[in-house]
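In case you want the letters, here they are:
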Amino acid sequence: MGLPALEFSDCYLDSPLFRERLKSHELELDKTNKFIKELIKDGKALIQALKNLSTAKRKFAESLNEFKFQCIGDAETDDEICIAKSLQEFAGVLQNLEDERTRMIENANDVLIMPLERFRKEQISAAKEAKKKYDKETEKYCAVLEKHLSLSAKKKESHLHEADSQVDNVRQHFYEVSLEYVFKVQEVQERKMFDFVEPLLAFLQGLFTYYHHGYELAKDFNHFKTDLTISIQNTRNRFESTRSEVESLMRKMKENPHEHKSVSQHTMEGYLFVQEKRSFVSSWVKYYCTYHREPKRVTMVLFDQKSGGKVGEEESFILKSCTRRKTDSIEKRFCFDVEAVDRPGVITMQALSEEDRRLWMEAMDGREPVGYHGYLPDLAQLDVIGFNVVKKFIYAVETRGIDEQGLYRIVGVNSRVQKLLGLAMGKYKCAMLPAPLMTYQYQRSFIKAAKLDNPEARVTEIHAIVHRLPEKNRQMLELLTKHLANVASHHQQNLMTVANLGVVFGPTLLRPQEETVAAIMDIKFQNIVVEILIENHERVRGVCSTNLQLNLSRRRSTESKAPSCSERPLTLFHTPTHSQKGGLDSRILITLCNHFHNTYAMDHSLCVCLCVIVYMCVCVCVSATSPSPTSPRSPSWPMFSAPSSPQPTSSTSSDSSLVRLVLAVCVTISKARALYACKAEHDSELSFIAGTIFENGESSPGLSKGEEKGKNV
């Protein structure tokens with residue numbers, strides 16, 4: 001129940017009930033006064049806490065902004081760049097948020113503390129002053145009234161009238177003070193409903209503004225947060241695979257340290273103790289030595305592992321010879337003597353073990369380092385059988401299990417895998433490829449391409465490297481990436497995104513030749529290469545296979561009339577029958593095409609044109625040396641058909657024809673390579689290459705003067 005109303009008429013009665021009601025109002029004002037006092041105190045403490053929190057958050061943001069990630073390796077993936085940038089993004093968000101909090105704190109004193117203090121001083125304090133005045137007048141009125149009532153009736157009438165008048169004045173003043181006090185008490189009770197609550201509302205509005213600003217920041221940050229979440233997940237996945245690889249390498253190093261000793265074909269390095277003789281006293285000093293095989297230079301650095309710093313300057317000399325030191329000639333074990341070209345005397349060195357001495361001896365003797373194997377391409381297993389097996393497996397996966405969760409990520413039982421592989425291979429022996437599908441030769445090139453800053457440049461460079469792979473490797477890679485792109489398109493069901501597939505297939509398709517920690521740290525870039533191949537599989541497949549199929553599918557017109565100049569390049573693809581022993585079959589054409597493509601990194605369409613030109617030149621050579629233009633050794637193409645009556649030819653003319661043909665071939669290949677360097681893409685330019693040899697001096701339609709001049713070389 002609320003407070004009772006105070007009637008002004010009750011001020012004149014001044015009844016006990018009135019006094020009781022007035023007392024309840026006074027207690028409520030005291031309660032309100034204490035509450036506001038505590039609220040102001042708590043508000044100031046809150047503001048100070050917010051200031052301290054803001055200071056702490058700004059310090060936290062500064063720490064985030066100053067920290068820079070250092071990744072292992074010479075380049076970072078896009079995911080690592082995103083993660084490294086995240087700390088600065090976090091710092092920016094926190095700084096922005098704290099700027100808004102500072103504005104809220106500055107306004108809090110004006111909108112909350114000062115209005116509450118003003119209400120407490122101006123209203124509640126005024127009510128207290130009115131109460132003091134009311135209590136004083138009450139006491140005065142009661143004293144005057146008691147004194148007046150104690151007057152004797154025997155007093156003079158004039159004296160009594162004066163006393164009555166005085167009492168009436170005091171009573172009237174008391175009533176006025178009582179009315180004013182009642183008015184003030186009720187006024188304060190009513191004013192606190194808005195003067196007290198309104199500052200609180202304004203403060204909360206400031207809080208809401210601050211939190212809304214945070215909400216807007218969160219919305220703006222959401223895009224980066226999504227990318228960062230994906231990058232973190234990708235990095236975690238790569239970490240798991242990398243960690244297992246490093247741990248496996250560590251276990252191998254523990255089990256067989258000598259087999260995994262880092263040995264390069266160009267250098268040998270490690271700690272050696274060198275015998276130094278000074279004043280007839282010999283001592284053994286520890287050096288870190290490096291031997292470079294090409295200049296035969298030995299470099300020694302005095303180094304103390306315990307202090308962790310370089311002690312002396314480098315010393316170097318050119319190796320002349322290295323001789324094993326016999327055990328019976330010296331007290332120390334594992335010793336060998338070296339002689340230098342540019343310094344006198346013999347230097348005696350002690351290796352750390354017998355195996356270590358053997359490695360030093362082999363390196364300095366010019367032999368290949370232990371454990372080094374050059375790249376020997378052996379793609380014997382990439383045959384029709386292998387392609388058919390892979391196609392069968394891909395078909396089975398795409399028709400029966402493409403929606404299986406964890407496809408390719410969850411490892412199968414090895415015995416069942418081998419049994420299934422044996423069933424698929426049938427009577428043929430199942431063998432592993434001696435090198436990864438993308439070859440050791442181009443492994444570093446792919447990694448370097450993945451480290452490029454421009455994403456488009458990465459795709460372009462990887463596209464170019466793929467087309468430098470051996471033909472069968474490239475075909476198998478196209479087959480596999482197309483399938484993996486199909487798998488990734490079902491990632492909502494199988495949970496295998498492009499990034500997950502990169503983690504699975506990166507170390508398999510593009511593993512390094514040497515198993516080192518640095519190579520394992522580059523696994524993330526191997527994964528990126530595979531991701532790019534999957535995402536851009538249509539583009540990477542590209543032009544080669546399309547143009548080759550298009551050119552080989554062209555057929556010579558069956559019309560009896562001789563072909564025109566523009567039609568002649570199309571007739572070059574006619575293949576002589578096996579009875580034409582002077583010609584070349586299609587297998588030789590394909591071999592020539594692959595040779596041009598792999599050796600000069602040419603486009604297949606240009607390779608086809610070049611190999612057919614060579615093919616035609618050989619046929620012309622056969623025709624030029626044939627005794628009869630109608631003999632079976634001559635090609636039966638209309639453009640090379642002999643006239644109706646045989647013309648005698650001399651050996652001199654035949655020889656000169658051969659010379660001209662050889663020169664024409666050389667000019668044509670040079671011109672073709674120049675066109676390829678300029679990225680010629682039109683059939684008219686390729687037709688011009690062919691026409692350079694086979695046009696007989698006649699003007700060809702559509703040729704420029706430069707082309708006409710080149711045609712007549």
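Preceding block: the structure.
What you see is a predicted model; the values in this text were computed from it and never measured.

Details of the overall build of the protein chain
For step 1, the next point in the chain: Counting its secondary structure elements, the protein chain contains 21 helices and 6 strands.
For step 2, the next point in the chain: Taken across its 713 residues, the protein chain has 36% of its residues classed as buried.
For step 3, the next point in the chain: Summed over its atoms, the accessible surface of the protein chain is roughly 43100 Å², and 56% of this surface lies on carbon and sulfur atoms.

Looking at the packing of helix H2 (residues 16-66) against helix H3 (residues 78-149)
For step 1, the next point in the chain: Direction vectors running N to C along H2 and H3 enclose 160°, while the axes themselves pass 8 Å from each other. As the angle between them shows, H2 and H3 are arranged roughly antiparallel. Every pair of crossing elements has a handedness; the one defined by H2 and H3 is left-handed.
For step 2, the next point in the chain: Its residues assigned to classes, the contact of H2 with H3 shows 25 nonpolar, 10 polar and 16 charged.

Some thoughts on helix H6 (residues 384-401)
Owing to its 3.6 residues per turn, the α-helix brings residues three or four apart onto one side.
For step 1, the next point in the chain: Under the 1.5 Å per step criterion, the end-to-end length of H6 is 25 Å for 18 residues, consistent within 8% with the ideal 26 Å.
For step 2, the next point in the chain: Looking at the buried residues of H6, the elements they touch are helix H7 (414-425) and helix H10 (471-488).

A short note on the environment of Ile-105
For step 1, the next point in the chain: Considering the arrangement of structural elements, one finds Ile-105 in helix H3.
For step 2, the next point in the chain: In the structure, Ile-105 is positioned 98 residues away from Phe-203 in sequence and 9.5 Å away in space, judged by C-alpha atoms.
For step 3, the next point in the chain: Excluding its chain neighbours within four sequence positions, the residues that come into contact with Ile-105 are Ile-47, Leu-50 and Lys-51.

Points about the pattern of salt bridges
For step 1, the next point in the chain: A complete count under the given rule lists 28 salt bridges for this structure.
For step 2, the next point in the chain: One salt bridge connects Asp-99 with Arg-58, and the closest N-O pair in it is separated by 2.8 Å. On the criterion of sequence distance, the pair formed by Asp-99 in helix H3 and Arg-58 in helix H2 is long-range, its members being 41 residues apart.
For step 3, the next point in the chain: Measuring nitrogen to oxygen at the nearest pair gives 3.4 Å for the salt bridge that ties Glu-354 to Arg-324. Of this pair, Glu-354 sits in helix H5 (residues 354-364) while Arg-324 sits in strand E4 (residues 309-324); the two residues are 30 residues apart in sequence, bridging distant segments of the chain.

Side note on a positive patch on the surface
For step 1, the next point in the chain: Among the surface-exposed residues, Lys-34, Lys-37, Lys-41 and Lys-128 lie close enough to one another that they form a single positively charged patch.
For step 2, the next point in the chain: Looking at the positive patch, the element that brings in the most residues is H2, giving 3 residues.
For step 3, the next point in the chain: With respect to the helices and strands, the residue Lys-34 is situated in helix H2.
For step 4, the next point in the chain: A relative accessible area of 61% places Lys-34 in the exposed class.

Considerations on the side chain of Lys-184
For step 1, the next point in the chain: Within the element layout of this structure, Lys-184 appears in helix H4 (residues 157-255).
For step 2, the next point in the chain: For Lys-184, a relative accessible area of 17% gives the class buried.
For step 3, the next point in the chain: Not counting chain neighbours up to four residues away, the residues in contact with Lys-184 comprise Glu-122, Gln-123, Ala-126 and Ala-127.

A closer look at the nonpolar core
For step 1, the next point in the chain: Core analysis: the largest hydrophobic core is formed by 38 residues, its most contacted members being Met-438, Phe-446, Ile-462, Leu-477, Leu-501, Leu-509 and Val-529.
For step 2, the next point in the chain: If you list the elements that add at least two residues to this core, you get H6, helix H8 (443-450), helix H9 (455-466), H10, helix H12 (498-509) and helix H14 (523-535).
For step 3, the next point in the chain: Other than its neighbours up to four places away in sequence, Val-529 contacts Met-438, Phe-446, Ala-450, Ile-462 and Leu-510.
For step 4, the next point in the chain: Phe-119, Ala-127, Val-170 and Tyr-175 belong to the second largest nonpolar core, which has 37 residues in total.

What about the pairing of strand E6 (residues 346-350)?
For step 1, the next point in the chain: Counting buried residues along E6, 4 of its 5 residues qualify, which places the element largely inside the surrounding structure.
For step 2, the next point in the chain: Taking the residues between adjacent antiparallel strands as the criterion, strand E5 (residues 335-340) and E6 are bridged by 5 residues, where Gly-345 takes a positive phi near 85°.

Describing the side chain of Ser-178
For step 1, the next point in the chain: Summarising the element assignment, Ser-178 is placed in helix H4.
For step 2, the next point in the chain: Sequence-distant contacts of Ser-178, defined by excluding residues within four places in its chain, comprise Cys-11, Phe-18 and Tyr-134.

Here we look at unusual backbone geometry
For step 1, the next point in the chain: Unlike most non-glycine residues, Phe-334 shows phi in positive territory, near 60°.
For step 2, the next point in the chain: Mapped onto the elements, Phe-334 comes out in the loop between E4 and E5.
For step 3, the next point in the chain: Phi angles above zero are rare outside glycine, and Thr-439 is one such case at about 65°.
For step 4, the next point in the chain: For Thr-439, the position within the fold is in the loop between H7 and H8.

Comments concerning H9
For step 1, the next point in the chain: Taking 1.5 Å as the rise per residue, H9 with 12 residues should run 16 Å; its terminal C-alpha atoms sit 17 Å apart, in good agreement.
For step 2, the next point in the chain: Arg-458, Val-459, Ile-462, Ile-465 and Val-466 are the residues of H9 that are buried. The arc enclosing the buried residues of H9, seen along the axis, measures out at 130°, which places them on a common side.
For step 3, the next point in the chain: Here H9 starts with a cap whose side-chain oxygen sits 2.9 Å from the backbone nitrogen of Glu-456, and that cap is Asn-454.

A word on a nonpolar patch on the surface
For step 1, the next point in the chain: A contiguous nonpolar surface patch, about 330 Å² in accessible area, is contributed by Leu-204, Phe-208 and Tyr-211.
For step 2, the next point in the chain: Structurally, the position occupied by Tyr-211 is in helix H4.

Quick look at the layout of surface pockets
For step 1, the next point in the chain: Here the largest pocket is characterised by a volume of approximately 2100 Å³.
For step 2, the next point in the chain: Lining the largest pocket are 45 residues; nearest its centre among them are Phe-393, Tyr-408, Val-417, Leu-421 and Phe-505.
For step 3, the next point in the chain: Elements represented by at least two residues in the lining of the largest pocket include exactly H6, H7, H10 and H12.
For step 4, the next point in the chain: With 10 residues, H6 is the largest single contributor of residues to the lining of the largest pocket.

Procedures and definitions
For every chain, the first residue of the written sequence is number 1, and numbering continues from 1 along that sequence. Local features in this predicted model are restricted to residues of pLDDT 70 or higher, and side-chain atom pairs are both shown and tallied only at a pLDDT of 80 or more, whereas totals for entire chains, interfaces and linings draw on every residue. Hydrogens are left out, water is left out, and the side-chain values use all remaining heavy atoms of the structure. Secondary structure elements are taken from DSSP: a helix is a run of H or I of four residues or more, a strand is a run of E of two residues or more, and numbering for both begins at the N terminus. When a residue's accessible area, from a 1.4 Å probe over protein chains only, is under 20% of the maximum for its type it is buried; when over 50% it is exposed; and in between it is partly exposed. Where accessible areas are quoted, they stem from the Shrake-Rupley method and a 1.4 Å probe; at the residue level, only the protein chains shown are allowed to cover. Each axis is a line fitted through C-alpha atoms, and for a helix only the stretch in contact is used; angles between axes span 0 to 180 degrees, taken between their N-to-C directions. Small angles under 35 degrees read as roughly parallel and large ones over 145 as roughly antiparallel, with 65 to 115 read as roughly perpendicular and the rest as oblique. Take the far helix as your reference; a near helix turned counterclockwise from it by less than a right angle gives a left-handed crossing, and one turned clockwise gives a right-handed crossing. Side-chain classes follow a simple rule in which Ala, Val, Leu, Ile, Met, Phe, Trp, Tyr, Cys and Pro form the nonpolar group, Asp, Glu, Lys and Arg form the charged group, and the remainder, Gly included, forms the polar group. Helices are assigned an expected span. That span is 1.5 Å times one less than the residue count. Residue contacts are defined here by distance: any two heavy atoms, one from each residue, within 4.5 Å place the two residues in contact. By definition here, a salt bridge exists when the distance from a side-chain nitrogen of Lys or Arg to a carboxyl oxygen of Asp or Glu is within 4 Å. Distance thresholds for patches are 9 Å for like charges and 5 Å for nonpolar side chains (Val, Leu, Ile, Met, Phe, Trp, Tyr), applied to residues having over 30% relative accessible area and no salt bridge. Asp and Glu are treated as the negative residues and Lys and Arg as the positive ones, with His and the ends of the chain left uncounted. Positions of charges follow a simple convention, taking NZ of Lys, CZ of Arg, CG of Asp or CD of Glu. In these notes, a set of buried Ala, Val, Leu, Ile, Met, Phe, Trp, Tyr and Cys residues joined through side-chain atoms within 4.5 Å is what counts as a nonpolar core. For two strands to be treated as a pair, DSSP must find at least two bridges joining them. The arc in question is the one traced by the directions running from the helix axis out to the C-beta atoms. Under this definition, polar contacts are N or O atom pairs within 3.5 Å; protein pairs additionally need one hydrogen-donor-capable and one acceptor-capable atom, and for neighbouring residues in sequence, both atoms have to be side-chain atoms. Cavity: a set of points on a 1 Å grid over the protein atoms alone where a 1.4 Å probe fits but cannot get out. Pocket: an open set with protein on both sides within 12 Å along at least five of seven lines, its lining residues, like those of a cavity, having an atom within 4 Å of a point. Grid points are joined across faces, edges and corners, and a volume is the space filled by probe spheres set on the points.

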